[in-house]
Every structure is written in C-alpha cells, then in structure tokens.
Amino acid sequence: MKLLLGILLAASLLVDTGKIGRVNKAKSEAKEAFQSGDFKTAINKYKYLVDTLGVKEDEVMMNLAHAYFQSKDTLNAFSTYQPLTQSSEAGIRSLANQQMGVLANRQGKFEEALGYFKQALKAAPLNEDARFNYEMVKKKLDEKKKQEEQQNQDKNKDNKDQKNDKNKDKKDQQNKDKKDQNKDQKDKQDQKDKQDQKEKDKKEQQEKEQQEKEKKEKEKQQQQKEEQSKDDKKKEQKDIPPSVAEKLKDMQMSEEKAKMILEAMKHQEIQYLQQNKRKATKPREKGKPDW
C-alpha cells in the first residue's frame, strides 16, 4: 500500500513538474513576443496559458489584456481588464481601472474615463500615471463644459438675436403695412378731395352760368321794357294831333306834362259821370210829381 502511494506521488510530481515547465516556457515566450512588439504571438501564448494550461494568475491576465490593448483590440482588452478591477491586489485593481480609463478616453467617453481614473487612485493613491490621466481628463471635461456653456450662450444669443430680428422684421412689416395703409387712405382722401373740388368747381360754374343767364335775361327784359316804353311814347306822340302838339310847343309845355293834365281831366270827367248816375237812381218822394 505504501509502495502504491509512493508511486502515485512520484507520478504527480512528474506531471506537475512537466506542466510547470510548459507554463514557464509559455510565459517566457509570451513575454519575449510582447517585448519585441509581436502582440499577436503574445496573445496566442497568453491564451494558451489561460485556456489550455488553466493559468488564472492576475499577472498573466493583465499581460493578456495589455497585449489586446497594444494590438488595438479594444473590445477584448476591456473585457479582460474588467475582472481585474475586483482583484485582491490593490496594484492590479489600480492598473486595471487605469487602463479601462485610457480606453474610455480614446472613445471620447470622458466622464466614464474620469470615473475609472478616480477608482485607480482610490486603489493606489501613488499611481502617478492614473493621477496624470485624471487631471488631464478633468481639464478636458472642464473645457468641454465651458465650451458647451459658451455654445449655449451663443445659441441663446443667436436665438435672441433671431427673435429680435424676427420681431424687428415683424415691426418693420407692420410699419410698412401701416405706412402703405396710410398712403392708400391719403391717396383715397386726395382723390375724394379732387373729386369734391371738381364737383364744387362744376357747381360754381353752373351757378355762374345761371347767374349770367339770369343777368342776360334781366338785361333783355329791361331792354325790351325800355324799347316798349319808347314805342309807347312814340305811339302817344302819334296820338296827339299836330295842332295840339304845336300849341303845347307854343305854350312851352312838355308832352309829359300835357299828358298828366289830360289824365287828370279824364279822371274828373269820370267822377262827374259817376255822381250824375247816382243822382238819377235816387228814389222819388211820394206825393210829388215825377217832374
């Protein structure tokens, strides 16, 4: 029994010794490839250690992640660094967070990168690379924030200017519309005033023509009256016998005065005849003869 146990122990020692040899050889080859810049070979060697030989050491995983990082395989690098942030060793946690911060920074995820650098410093306050990156990203974020604020201010200013311009354009358009409206109203009023003046002038012209017409009519009537008067005088003169006219001339009496005398004599004669007529129609007294 003791002999069997000894054989098994010797066999296991031989197996472990062979595996350790392969592990050490693979580590050496991976390190050599990494240092020479052959990151593809380094990745294959480290994957052999992890997947085939079952090596789960933080150092090996970190080197594999570095090989992915150097070959710009961001996705595999990130996924390999991620578990190392939970390592029991502070240095490993700090380095893993630092590298994840670098990857985030390259992708423009500045706030995320700042968080990883902060965790790296928290794990290892003396990590100067993490501190430098933290300050650099923080400055970048501050500049970005300041730039965004300036852009917002410029945008607000542009919006305000656009609004002011829009209001100004609107006001200018309103003033233009009002001016056009006033001009239209003035044109209409001027046209109305011209029409009213035209009608007034026409009315005045008509009144003037009417007055001229009436004046001419009156002058015509006056002329006719004067002519009639002349004709009447001529007729009266014709009615006076020549002998009478001569006698009037001898008596130095004008025809108008003679005419007035004749008219008075006619009037007296008419009165005399009317008085006699009233006497003739007076009733006869009773008891007296008709004669």
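Up top is the structure.
What you see is a predicted model, and the numbers here were worked out from it, not measured in a lab.

Cut-off values and rules
Residues numbered from 1 in each chain as written. Predicted model: local features only at pLDDT ≥ 70, side-chain atom pairs only at ≥ 80, totals over all residues. Heavy atoms only, no water. Helix = DSSP H or I, 4+ residues; strand = E, 2+ residues; numbered from the N terminus. Buried < 20%, exposed > 50% of the residue type's maximum accessible area, 1.4 Å probe, protein only. Axes fitted to C-alpha atoms, helices over the stretch in contact; angles between N-to-C directions. Parallel < 35°, antiparallel > 145°, perpendicular 65-115°, else oblique. Left-handed = near helix turned anticlockwise from the far one by under 90°. Contact = heavy atoms within 4.5 Å. Nonpolar A, V, L, I, M, F, W, Y, C, P; charged D, E, K, R; others polar. Phe/Tyr/Trp six-rings, centres within 6.5 Å; stacked < 30°, edge-to-face > 60°.

Another aspect to go through is unusual backbone geometry. For Lys72, which is not glycine, the phi dihedral falls at a positive 65°. Following the sequence through the fold, Lys72 ends up in the loop between α3 (58–70) and α4 (74–84). Given a relative accessible area of 66%, Lys72 falls into the exposed group.

Before going further, it helps to spend a moment on the packing of α3 against α4. Interhelical geometry of α3 versus α4 gives an angle of 155° and a closest axis separation of 8 Å. In terms of axis orientation, α3 runs roughly antiparallel to α4. At the point where α3 passes α4, the crossing takes the left-handed sense. Here α3 contributes Asp58, Met61, Met62, Leu64, Ala65, His66, Tyr68 and Phe69 to the contact with α4, which in turn contributes Asn76, Ala77, Thr80, Tyr81 and Leu84. Tallied by class, residues from the contact of α3 with α4 come to 9 nonpolar, 3 polar and 1 charged.

A few words on the packing of aromatic side chains. Scanning the model with the defined rule gives 2 aromatic pairs in all. Where Phe34 meets Phe39, the ring centres are 5.3 Å apart and the plane angle is 75°; that geometry is what we call edge-to-face. For Phe34, a relative accessible area of 26% translates into the label partly exposed. On the basis of an interplanar angle of 75° and a centroid distance of 6.2 Å, the ring pair of Phe78 and Tyr116 is categorised as edge-to-face. Here Tyr116 lies in helix α6 (residues 110–123) and Phe78 lies in helix α4, a separation of 38 residues in the sequence. Among the residues examined, Tyr116 registers a relative accessible area of 16% and is labelled buried.

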